[in-house]
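The primary structure of each chain is shown beneath.
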Amino acid sequence: MENSSKSMRSKGEEQQKRPPAAPLLPLRGGRGDLNVKSSELPAGVCIPNKYGKNVPQALTDGLIKQFTIQKLTATMARSGVTKRPEKTQKFTFKEFRTIMASDKNHFAMHTTHSEPQIHDALATEQQELRDEQADYEENRVGEAFVVHQGTSKLQLCEPHSAMAMVEKANLSAVALPDISYDLKMPGLVPHCLSTQQLEAVVYACQTHQRILPWGERAGFLLGDGPGVGKGRTIAGIIYSNFLLGRKRALWISISNILKSDVERDLKDIGGSEQINVVVLDTLNYWRISSEENDQFKTGIVFCTYTSLMDVLETADAKYDKRFHQVCSWLGKTFDGVIVFDECDNARHLSRDNVTVLLKLQKQLPNARVVYVSATEPNDPKTMAFMPRLGLWGAGTAYPKFENFTSEMQHRSPVSMKLLCMDMKLRGSYMARQLSFKNVTVRIDEVVTTRKFFKIYERAAKLWAEMNRKWQAACRFLRLDVYTQQMISDEFWSAHQQFFRHLCLAGKVENALQLARDALDQGKAVVISLQSTEESWTLEHLKEHKGQLKEPVSNLKLIMKLFVEKHFPAPKLADLNRLMSMAGNNPIYRATQAKRPRHDRLGDDEDWAEPDEADEKYMKKSETDKNMPERILKHLHDYLRLKQNKDEESADDITDHDVAACVYMRYQLLTKIDYLGRHLPASTMDKLKAKLGGHRKVAEITTRLGGMVCIKQAYKYMPRCKGEELLGQVNETERQCFMADSKQVAIVSETASKGISLHSDKAVANQRQRLHIVLELSGNLDQALQQLGRTHRSNQLNSPEYVLVIADLIGERRTASTVAERLKSLGAVISDNRRSTDDTDLAQIDLKNVHGPSSLYHVIQQMAGKRPIDPSELPRTYTGNFRADCGAALGNVGVLNVEIGQNGVEIYSVAKNASNIDRFIHRVRGCCVEMQSAIFQFFIDNMYRRIAQMKRSGCFNIGLLDLRAHKVSVRCSKQIKFTKIFTNGAETTQLHTLQVERGMPFETALRIYRKSAHKRHEGFYELKETRGDKRMAILCLEAKSSCQYATDPKSIHMQIYRPNIGLQVSIESLESVTSRYVIAKLNTAQRYWQKQYELCLNTCAHIYWNRTCPFPHDCMEGKRLRTYHVLSGRVLPYWSRITQSIEKNGNRIQMISAETAGGQCIVGIVVPNSAYNEVHSDLSSDVTKVEVIEAMAE
C-alpha cells in the first residue's frame, strides 16, 4: 500500500505463496511426518535391540531412528494406521482399578484379563483370568474416612449436634498430644460449643503457648470442612483470649460480607456484648482508636486480604496505608489473635499480598496466629504465608521455604499426607468433616435433544471458521507476534466462555423441572452456578442504550463482541479516510470485486448466509475501536514507510489483503447474526423468570441486575444502586430464603462462599433442601465447598443433591469424582445413566503426572508423530479415526495445522498440549460425537500406561488401606526411636507387620454348605495339569447375576481361592467352565490344602515353577506377607529416608493397617532391601532406641 499508483494492487496467486514479514504464532503451522521408504534406507546401518537381534535403522536429521518395513492392509490404510496390529494388553475398567489398588509390584505381563465385576458384568467380550496371577487384584485404594470420636480427655459438652463427623484414615491413625492447657471461659453459653469445636479451641490455645526456634509464637491450622462450624470455633478462640486480657484481634477473610457471620458466631457463644466488630474499609485513615473512628479501642477489626494493601491517594490523614494503620492499632507487643480465614480461597493471592501477610507476622512475633482452611493442604506452594506452622526455618529440617516446597512436591501426594499427620502429632492441625450419612446424591444426565445437538454442531463449525479467518487476516495484514498473541488470548477466552454457557443452557429445562417437582413436594430449592454472564448483558445494554425488544442471548454477544472488538480488520470509515489522505479509495470496489474469490477462506454453509449484504450493517456493527485502531495505526505506519519507496516487495500489503480482512469480518457478523436467532437466552434470567421472579426467588450472586419482562417489554432491572451495596442485598436475600418467604435460592460460587443455606433448626425455613448443581468446579475441594452451603451442623433435614450433567467431555468425569468422594463420606449415590467406568474414572486424577503425559502421547498420535495400534481404535467409531480427530483438534487449536504441497494438511503438536484443563475446554468446541471419541481414546490410553507402570513397580498408588480387606494383621516387632529435646520428645516407630490371608478348606466348605443352592455352584478343579501343580477353587453365584439367567455368559460367579480367599473380580460361568470342571469334595480338599500350605511363604512364580524376578521382595501369591512400616515423626528425617528407599528403584508407598489388638498404624513402607540402612540411619540420630518383640495382641 504505497502513495503511488503501485499501491494496494493484487498480486494474484503470488499472494498465497509469499511468507509473512513477521514470525507468525504457531497456531496453525507446523511440520508433518517424514515418510521413509525402504529404498532410502542406508546400507549397513543396524543396531541390536534388547533381544540381541540386529534391526535396520534409518538416518533422519543425523539421528538414528528404528525403521521397520511393513505391509499395510486395506483396513489399516483406511484408518490412518501405520503400524501392524500387536497383541497388546487389554483390561476391563474393574481390572485396571484392582491393578492400581494392589499392595505389591507386578513385573510379569499377563495377556488375558478377568471377567468384569458387578458394574462390568454385562460386557460383551469375556476373557479369562490367568489363575497364577489372580493375586494382583486383592487390594484396592480409595480415599478412606473413619468416624471421628474426639479426645476422651475432653468431656465438657454435648456431642456435635448428634451429627457424625469423619476424618481421613491417615489422620485418624495418629493421636493428638495430651492436653496440658487449662481452658477457662466463664460466661460461655451452655452447649454453644460442641465437644469437637471445644477440642479445637483447646489445642489452638495450647499450640500458641509454644515458641518456635527463631523466637516467634507457633500458629495453629484449623482444617475442618464445610459445615463443621469453623466460625464458631474461631469465635471461641478469640473469646477465650479476650477473657484473659487480650482484647484486640484481627480477622482477615475474603469478603466483607462475612462480617455478619462473625457477629452471629460471637452472639451464639455469648461474647457479642463484650466484643464488637468493625470493618476496616469503613474506617478513616486515622488511628483506629481515635475520635475520627469512634475510639474503637477493643474488639475485632475485620478486613479482607486485599484491603490490607489499600493505599490512600490523598495526604489528609495520619496513615497512607491500611497495613500501617492496623499494625499501629495492634502494637509491637501484641499477643492477641490474628485469624487468616478462608486460606484455601486465598491461594490466588498476588506475590505482593503474600509479602504483606509475611511482613505482618514478622512485625508481630508474639501474635497468636490461626490459619483456617476448609481443604487439606495439597500444594506446598500455597502455604507460603504460613511460617508459624514451624515447617521450615531455622532449627528445622528445611532452612528455607524453597527447600521445603522442593522436597514436598518431589514426592507428593505421600509427602503432603505425612505432613498433615506430622502437624496433628504436634497438636497444630485438626481436620474433620461432617459425615454425609443419610444424604442422597443423584447424577442426572440430560438427554441431548436433536434441536440442541444441531445448534451445538453449527456453533462448533462457526467457531472453527472464526479461528481460520482471524489467523488468515493476521497473515494478510502482516501483524506482529504481540498483536497476534493478543487476538489469540481473546479468541480462546471467548471460545471457552461460549461453550461453557452453551452447555449450561442445555441443562436449564431439566433443572426447572426438578425445581418444580421439589416445590410441589414441599421442599426448598437451591440452584448453584459458577458464573452469571452479567458482563455480556451489560455490553448488550450499552450497545442498545438500554432499550431491548427481545430476550438477550449472551452466547450471541460472546461471538459478536469478539469479531467487533478483536478481529484484525480496520474500521471501514477510518480506513476510507486513511485512503483519501493517500489519494486512493478503492477499498469498497475491491471488496465487491474480489468477493467470489474470498469465499475460499471459509466454507459458507447455506444455513448461515443471509441474502442481504450491505455496507450499512458493517458500519453499524463496529462499536469498539481498540483492535480496529491498532490495525489502522499499523496500516498508517506502513504507508509512511512505503511512501518514498517505489520498488515492490513480497511483503507489500495490497488492497486485496485489506479487502479480504474487511469482507471476512462482514461474513462472520452476518453468520453470527443468523445463528444468534437460534441460541438460548441468559441462563440466570430464564431460571429466575420461570421460577416466579424476584418475589419468589432469592438471588445470591455478584450480579448488579437482570433482565425482566414487564407487559411484553424487556427491561434491565438493577438489584442495588451500587456495587458497594451488593453484599447487603445478598444478605437480605439469604435471610428471606432462611425465613421461608422465598423457597428458591439461586447462588453463584463467588457470592456464596462461607454462607449457610441449610435446614437450620433455628430458622423458619426448615424444609428439606434440594440442591441442584448446574455447574461443578473442576477442583474437587471447591466442589465440596459448594455443596457445603446446604449441609451443615445443627440441621433438621439432610439435603438431597442433584448433579445435572450434559453428555459432553469432562462433565461426567467431574460429577463422578465428586460422587465418589461423597460416597466415601457416607452418601448414597444414584445415577440415571450409570456407565461401567464411573468408579474408575473417579479414582484417577487426570491432572496428575500420568494424565498430562498420556495426553501428550495421544496428541502426538493424532498429529501422526506416533503410530496408533489398530487394537487401540474405538470399535464403535466408523470412518478414518486419526484423520477425523486431526481435523477436529486442528480446528480447536490443540494441533497446529499447516497446508503443505498439493493442499495436504500437515499436523504438529501445539504449545501446552499436555495441559488437561486446556484440552477439555478446547475439545468442547468439537462436535459432540467427536469430543466423546477423543476423550475416551485419551482415557483408555492413560489406563494402559498406568497399568504398565503399576506392573513394573513404577506407579505410586497413594495410601494402601489394609483395613478395608478381611486380612489378619499382627505386629511382630516394634522399634522406637526417641529424640529428646528441652521442651519435649519426638518418637518414630519402625513396625514389622505380618499380614496373613487366604482361606482354609474348612472355612470354604462351611461357606459352600451354607450358600450353594444350584448345580453349577461348588468346588472346581483345573482341566489340565500345569507342570506338577493342580488347583481347586470354590465358585458361588454372585448377587449381580440375574435370578433366572440360563446362559453361561450371563451367570456371574464369585470365586474363592486357597491363597487369597475371596477374589475381587467376578467371572462368568462360561469363563470358569472353559478352564475348570466340577471336582469331588475329597479331590478338591487335597488340591486346596496343598496350595494353602505351600503358598504360606512361597510366591506365585515359584509355586508355578517359574523364575521369580525379585526373590527377596516378591509377595505375589503369598499368604503371609511382611511389611516394615515407618510411622510417627517421620518428617524430620524425610529426605534421608526417601533417598534410602528410592536408591534401589523402589517407590514411596504409604500403608494403613489395624492389628488384631486394635492398634492403628499408618506410615511409609520400608522394603527389605532398605530396612538395614533406614534402621542404622535412625539409630545414629536419636537419643534412645527401644525394641519390643512379639507385641501381645
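Computed from a prediction, not measured in an experiment: that's the story for all the values here.

Counting its secondary structure elements, the protein chain contains 36 helices and 37 strands. Evaluated residue by residue, the protein chain yields a buried proportion of 56% over its 1193 residues. Counted over contacts in the protein chain with a minimum sequence separation of 6, partners at least 24 positions apart contribute 75%.

Another point: the packing of aromatic side chains. All chains considered together, the criterion is met by 27 aromatic pairs. Arranged with centres 5.4 Å apart and planes meeting at 65°, the rings of Trp-463 and Phe-491 form a pair that is edge-to-face. One end of the pair, Trp-463, is in helix H12 (residues 450–477); the other, Phe-491, is in helix H13 (residues 481–505), with 28 residues separating them in the sequence. Like Trp-463, the residue Phe-491 is buried in the burial classification. Aromatic rings pair up to connect Phe-452, Tyr-456, Trp-463, Trp-470, Phe-491, Trp-492, Phe-498, Phe-499 and Phe-562 into one cluster.

Now for the environment of Glu-445. Assignment of secondary structure puts Glu-445 in strand E14 (residues 440–445). Sequence-wise, Glu-445 and Ala-815 are 370 residues apart; in three dimensions their C-alpha atoms are separated by 10.0 Å.

Attention now moves to the nonpolar core. Phe-340, Leu-360 and Trp-1134 are the most contacted members of the largest nonpolar core, which has 73 residues in total. Take this core: its biggest share by element is seven residues, from helix H11 (residues 414–425). Phe-491, Phe-499, Met-664 and Leu-808 belong to the second largest nonpolar core, which has 57 residues in total.

To continue, consider the side chain of Glu-699. Note on placement: Glu-699 falls in strand E16 (residues 697–700). Within the structure, the side chain of Glu-699 is placed 2.7 Å from the side chain of Thr-701, a separation counted as a polar contact. Aside from chain neighbours lying at most four places away, what touches Glu-699 is Met-684, Lys-688, Arg-719, Asn-730, Glu-733 and Ile-746.

Residues Val-697 and Glu-699 line one face of E16 and the alternating positions Ala-698 and Ile-700 line the opposite face, and both faces are buried. Pairing geometry for E16 and strand E19 (residues 744–748), over four bridges, is parallel. Bridging across to E19, Glu-699 finds its partner in Ile-746.

Attention shifts here to the sheet that holds strand E4 (residues 145–147). The strand order across the open sheet built from three strands is E4-E5-E13, with neighbouring strands paired in antiparallel fashion. The outermost strands of the open sheet, each flanked by one partner alone, are E4 and strand E13 (433–434). Alignment of strand E5 (residues 165–168) against E13, held across two bridges, turns out to be antiparallel. The residue bridging Val-166 from the neighbouring strand is Gln-433, located in E13.

For the rest of this paragraph, the subject is the environment of Tyr-907. Along the chain, the position of Tyr-907 falls in strand E24 (residues 905–909). Classification of Tyr-907 as buried rests on a relative accessible area of 14%. For Tyr-907 and Leu-889, which are 18 residues apart along the polypeptide, the C-alpha to C-alpha distance reads 9.5 Å. Within polar-contact distance, the side chain of Tyr-907 engages the backbone nitrogen of Ala-887 at 3.4 Å. Looking at Tyr-907, its side chain comes within polar contact range of the side chain of Glu-905, at 2.9 Å.

As a further point, take the sheet that holds strand E6 (residues 220–222). Overall, parallel pairing links the seven strands, which are arranged E8-E9-E7-E10-E11-E6-E12 in an open sheet. Of all strands in the sheet, those with a lone pairing partner are strand E8 (277–279) and strand E12 (429–430), marking the two edges. Helix-sheet contacts for helix H7 (residues 259–268) involve strand E7 (248–253), E8 and strand E9 (299–304), and the interaxial angle to E8 is about 175°.

In contact at an axis separation of 12 Å, H12 and helix H16 (residues 554–566) are set at 10° when each is read in the N-to-C sense. The orientation of H12 with respect to H16, classified from their angle, is roughly parallel. For the pair H12 and H16, the contacting residues are Leu-462, Trp-463, Met-466 and Trp-470 in the first and Ile-558, Met-559, Phe-562 and Val-563 in the second. Per-class residue counts for the contact of H12 with H16 are eight nonpolar, no polar and no charged.

Our focus in this paragraph is the confidence of the model for the protein chain. Here the protein chain shows a mean pLDDT of 77. Residues at 70 or above account for 75%. Here residues 584–625 is a poorly scored stretch, pLDDT under 50, and it has 87 contacts once near neighbours within four places are set aside; other chains count. Counting contacts from residues 834–842, a segment whose pLDDT is below 50, to residues more than four positions away or on other chains yields 27 contacts.

This brings us to the pattern of salt bridges. Per the counting criterion, the structure on display carries 41 salt bridges. The salt bridge involving Arg-1075 is made with Glu-1067; its shortest N-O contact spans 3.0 Å. Neither Arg-1075 nor Glu-1067 differs from the other in exposure class; each is buried. Where salt bridges share partners, they join Asp-685, Lys-688, Glu-699, Arg-703 and Arg-719 into one cluster.

We now examine helix H29 (residues 916–923). Residues that lie three or four places apart on an α-helix share one face, since the helix turns once every 3.6 residues. Of all eight residues in H29, six are buried, a share of seventy percent or more. Restricting attention to buried positions, one finds in H29 the residues Ile-916, Arg-918, Phe-919, Ile-920, Arg-922 and Val-923. Where H29 begins, the side chain of Asn-915 points an oxygen toward the backbone nitrogen of Asp-917, at a separation of 3.2 Å.

On to H16, then. Over its 13 residues, H16 runs 17 Å from end to end, which matches the ideal 18 Å to within 8%, given 1.5 Å per residue. In terms of burial, H16 is largely enclosed, as 13 of its 13 residues are buried.

So, about the packing of H12 against H13. Two elements in contact, H12 and H13, have axes separated by 11 Å at closest approach and are oriented at 180°. It follows that H12 is roughly antiparallel to H13 by the angle criterion. Where H12 approaches H13, its residues Phe-452, Tyr-456, Ala-459, Ala-460, Trp-463, Met-466, Asn-467, Trp-470 and Cys-474 are matched on the opposing element by Gln-484, Ile-487, Ser-488, Phe-491, Trp-492, Ala-494, His-495, Phe-498, Phe-499 and Leu-502. By residue class, the composition of the contact of H12 with H13 is 15 nonpolar, four polar and no charged.

Right, let's get into the pairing of strand E21 (residues 800–805). Looking along a regular strand, one sees side chains alternate from face to face of the sheet. Of all six residues making up E21, six are buried, and the element is well covered by its neighbours. Alternating residues of E21 divide into Glu-800, Val-802 and Val-804 and Tyr-801, Leu-803 and Ile-805, and every residue in both groups is buried. Both E14 and E21 contribute to a ladder of six bridges, which runs parallel. Residue pairing in the sheet places Arg-442 in a bridge with Val-802 of E21. As defined by bridge partners, strand E20 (residues 769–773) adjoins E21 across four bridges and the pair is classed as parallel. Within the sheet, the bridge partner assigned to Ile-772 lies in E21 and is Val-802. For the crossover from E20 across helix H24 (residues 780–787) to E21, the handedness is right-handed.

Definitions and limits used
- Throughout this description, residue numbers start from 1 for each chain and increase along the sequence as written.
- In keeping with the predicted nature of the model, local features appear solely for residues at pLDDT of at least 70, side-chain atom pairs appear and are counted solely at 80 or more, and the whole-chain, interface and lining totals rest on all residues.
- Each side-chain value is derived from all of the structure's non-hydrogen atoms; neither hydrogens nor water enter the calculation.
- Helix numbering and strand numbering both begin at the N terminus, where a helix is a DSSP run of H or I of at least 4 residues and a strand a DSSP run of E of at least 2.
- Burial here depends on accessible area, computed with a 1.4 Å probe over protein chains only, as a share of the maximum for the residue type. Under 20% is buried, over 50% is exposed, and the range in between is partly exposed.
- Note on contacts: a residue pair is in contact if any heavy atoms of the two residues lie within 4.5 Å.
- We call Phe, Tyr and Trp rings a pair once their centres come within 6.5 Å, taking the six-membered ring for Trp, and we label the pair stacked below 30 degrees between planes, edge-to-face above 60, and tilted otherwise.
- Nonpolar cores are built from buried Ala, Val, Leu, Ile, Met, Phe, Trp, Tyr and Cys residues. Side-chain atoms within 4.5 Å join them into one set.
- For the purposes of these results, a polar contact is taken to be a pair of N or O atoms within 3.5 Å, where, inside protein, one atom must be able to donate a hydrogen and its partner to accept one; residues adjacent in sequence count only when each atom of the pair is a side-chain atom.
- DSSP bridges decide pairing: two strands pair if at least two such bridges lie between them.
- Here, axes are lines fitted to C-alpha atoms. For helices the fit covers the stretch in contact, and angles between N-to-C directions go from 0 to 180 degrees.
- Any angle between 65 and 115 degrees counts as roughly perpendicular, while under 35 counts as roughly parallel, over 145 as roughly antiparallel, and the rest as oblique.
- Gly is placed with the polar residues, together with every amino acid not listed as nonpolar (Ala, Val, Leu, Ile, Met, Phe, Trp, Tyr, Cys and Pro) or charged (Asp, Glu, Lys and Arg).
- Values of pLDDT, ranging from 0 to 100, describe the predictor's confidence in every residue of the model.
- In what follows, salt bridge is the name for a side-chain nitrogen of Lys or Arg lying within 4 Å of a carboxyl oxygen of Asp or Glu.
- Take the residue count of a helix, subtract one, and multiply by 1.5 Å to get its expected span.
- Assignment of crossover handedness uses the view with strands pointing away from the viewer, where a clockwise path from the first strand over the helix to the second indicates a right-handed crossover.

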